[in-house]
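Residue-level listing of the chains:
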Amino acid sequence: MNRLLRTTSLGSLAAACLLLTACSRPPAPAAIVKPVFVTTVHQLASAQTRAFSSVVRARVETDLAFRTGGKVVERLVEVGDRVEAGQVLARLDPVDYELAVKAAADQVQAASVDARQAAADEARFLRLLADGSVGAADHERQRARSDAAAARLDQATRQLELARRREAYTTLVAPYAGVATALRFERGQVVAEGQAVMSIARRGENEIVVDLPEDWVGRASRLVATAAPWTDPKATIRLVLRELSPQASSQGRTYRARFAAAAESRAQVAALPLGSTMQLTLSVPQAGAATTVLPVSALVKAGGAAGVWTLNGNGTGLVFTSVDVVSVDDATVHVTGLATGSRVVTVGAHKLDDRLAVRPIERTPDAAAATVAKSS
């Protein structure tokens, strides 16, 4: 009897345990942690910036030549000398031209005598015509001789002026204040009329000359230009585009651009030595907000607003952060509104939401952009 009761009690206890087990809730499944690629935000000073090697040149540089030919007897300047407007730079042998002036002066003297004599004869014939001593035809012939003599005097006078000018052309003078940049003649050398013998650059009107590649030509006028010596990159100078060549050079297929100094930088540029090398920087003008470059796959549009998924403070969850899009190209997007150090999801952002638990995998911005470019 006791054995039967004990068996019944054990069976009842087992049944009760099974009942309790059947009525309790199953254990909750473990949360799934999704791995995501993230990139740490680094701010850029400009969305598009590039530095070029450039050279300081004079805005006005002139090749000088004698306006007549001859033998050089004096050279009064050297390369690098500063010259003033009207300063004598070189002289030719003037002997031949002085003789030409004397000969022309003698021609004027002779023509003057002939003109006075012809005028006196014409006046005498006019008086004789009045009392009928000569005919009208004789007077007209004498008047024609007088007019011809006056014309020869005028011609001789102009020949004398031309000879004097050619004599003056034997002296080469500076057309403006500047610096001698090149000499192509020596004392004793015979030079031809119009042959370039030296070059001078106008002082105080320097500019920066650079050769731009084709992909930067179209936007050069819209970019901010600054320049600084390679030895002192912090000494920046603001520039403005003055001239852009419409045709590429045959050697490098680049386009020559000339940048003048902005109003506040003219004194700095004027003080730069000609031929010195400068670092010219072209950049997109900024509106004050720092710009971040991200892969285009990081951008998400939720409810019409552009944004990105960033990690929360613990690094295990996601937060939607709104951004302003500056520009977009094939592989990257330039945005503002992200704090330095933010960790942005760069791949598969459109498949995420703020309820997911994530495990970040750090990637560099270049690697993320390269992945997007390859997939596209």
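All values reported here derive from a predicted model rather than from experimental measurement.

Visitor: What exactly am I supposed to notice about the overall build of the protein here?
Guide: For the protein, the count of helices and strands is six helices and 23 strands. Of all 376 residues assigned to the protein, the portion counted as buried reaches 33%. Of the accessible surface of the protein, which amounts to about 22,600 Å², a share of 54% is contributed by carbon and sulfur atoms.

Visitor: Explain the side chain of E122 here, please?
Guide: Within the secondary structure, E122 sits in helix α2 (residues 95-130). No salt bridge is formed by the buried E122; the nearest opposite charge belongs to R143, separated by 5.2 Å. E122 has contacts with H139, Q142, R143 and S146, leaving out every residue within four places of it along the chain.

Visitor: Looking at this structure, how should I read the environment of T39?
Guide: As for its placement among the helices and strands, T39 is situated in strand β1 (residues 33-40). The exposure class of T39 is buried, given its relative accessible area of 2%. When the C-alpha positions of T39 and I361 are compared, they lie 8.5 Å apart, and in sequence the two are 322 residues distant. Polar side-chain contacts of T39 include one of 3.3 Å to the backbone oxygen of R363.

Visitor: Help me understand the pattern of salt bridges, please; the structure alone is not making it clear to me.
Guide: When the charged atoms of two side chains with opposite charge come close together, those side chains can pair. For the coordinates displayed, the defined rule picks out 18 salt bridges. Between E161 and R165 there is a salt bridge, with its nearest N and O atoms 3.4 Å apart. Note that E161 and R165 are positioned in helix α3 (residues 136-168) at a spacing of four residues, about one turn of the helix. Exposure remark for E161: the relative accessible area of 40% places this residue in the partly exposed category. Relative accessible area serves as the criterion here: at 47%, R165 is assigned to the partly exposed category. Shared partners join several salt bridges into a network, and the residues in it are E207, R242, E243 and R258.

Visitor: What is the right way to read the packing of α2 against α3 from this model?
Guide: Each pair of packed helices gets described by two things: the angle between the helix axes and the distance between those axes. Look at α2 against α3: their axes get within 7 Å of each other, and the N-to-C directions meet at 160°. Considered as vectors, α2 and α3 are oriented roughly antiparallel to each other. Helix-helix and strand crossings are classified by hand; for α2 and α3 the assignment is left-handed. When grouped by side-chain class, the residues that make up the contact of α2 with α3 number 20 nonpolar, seven polar and eleven charged.

Visitor: Sorry, what's going on with the pairing of strand β14 (residues 255-261) here?
Guide: Remark: a regular strand shows side chains that alternate across the two faces of the sheet. Most of β14 is tucked away: six of the seven residues are buried. As paired strands, strand β11 (residues 206-212) and β14 are joined by five bridges and run antiparallel to one another. Across the sheet, the residue bridging to L212 is Y255, located in β14. As paired elements, strand β13 (residues 237-244) and β14 share five bridges and run antiparallel to each other. Considered in β14, the bridge of E243 is made with R258.

Criteria and thresholds
Residues numbered from 1 in each chain as written. Predicted model: local features only at pLDDT ≥ 70, side-chain atom pairs only at ≥ 80, totals over all residues. Heavy atoms only, no water. Helix = DSSP H or I, 4+ residues; strand = E, 2+ residues; numbered from the N terminus. Buried < 20%, exposed > 50% of the residue type's maximum accessible area, 1.4 Å probe, protein only. Areas by Shrake-Rupley, 256 points an atom, 1.4 Å probe, with all protein chains shown as cover. Lys, Arg positive; Asp, Glu negative; His and termini not counted. Salt bridge = Lys/Arg side-chain N within 4 Å of Asp/Glu carboxyl O. Contact = heavy atoms within 4.5 Å. Polar contact = N/O pair within 3.5 Å; in protein donor to acceptor, adjacent residues only side chain to side chain. Axes fitted to C-alpha atoms, helices over the stretch in contact; angles between N-to-C directions. Parallel < 35°, antiparallel > 145°, perpendicular 65-115°, else oblique. Left-handed = near helix turned anticlockwise from the far one by under 90°. Nonpolar A, V, L, I, M, F, W, Y, C, P; charged D, E, K, R; others polar. Pairing = 2+ DSSP bridges.

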